Amino acid sequence: GGEFEVVIASDILLYCGVYGELVKTLKELVKTEEGMFVMSWNRRMEESKVFFRMMEEEGYTCEHLGKCVYKFQLKKLEKVVEGEHVSELKS
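Being a predicted model, the structure only gives us computed values, none of them experimental.

Asks: Please explain the side chain of Lys71 as it appears in this structure.
Replies: Topologically, Lys71 is positioned in strand 4 (residues 69-74). Using a relative accessible area of 17% as the deciding quantity, one classes Lys71 as buried. Residues contacting Lys71, with those up to four places away along its chain left out, are Met36, Phe37, Val38, Thr61, Cys62, Glu63 and Leu65.

Asks: When you look at the nonpolar core in this model, what are you seeing that I'm missing?
Replies: In a soluble, globular protein the nonpolar side chains are often hidden away together inside. Counting residues in each nonpolar core, the largest one holds 20 residues, and the members touching the most others are Leu13, Phe37, Met39, Phe51, Phe52 and Phe72. At the level of secondary structure, the elements contributing two or more residues to this core comprise strand 1 (6-10), helix 1 (19-29), strand 2 (36-40), helix 2 (49-57) and strand 4. Leave out the neighbours within four places in its chain, and Phe72 touches Gly35, Met36, Phe37, Met39, Phe51, Phe52, Met55, Tyr60, Thr61 and Cys62.

Rules used in this analysis
Residues numbered from 1 in each chain as written. Predicted model: local features only at pLDDT ≥ 70, side-chain atom pairs only at ≥ 80, totals over all residues. Heavy atoms only, no water. Helix = DSSP H or I, 4+ residues; strand = E, 2+ residues; numbered from the N terminus. Buried < 20%, exposed > 50% of the residue type's maximum accessible area, 1.4 Å probe, protein only. Contact = heavy atoms within 4.5 Å. Core = buried A, V, L, I, M, F, W, Y, C linked by side-chain atoms within 4.5 Å.

Written as structure tokens, this is what we have:
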């Protein structure tokens, strides 16, 4: 419950003081490697770098998809089990 395949947002990084709560909310919504958060944001504020760093620290990759569009997904961890590669989510 409470998981989404795609969460879309635009211009949500204006208030730096709530980045922690935003990251916490996104973690609740995007819990699987199939899920993603797609965001439109013109990185015009130096402080917005903090949000990108926080998402990375929580185990999300960030891909710049084009003009002002970014995609975040959970990183996969590669683990070797008895000589075979197995993908595992970072949690």
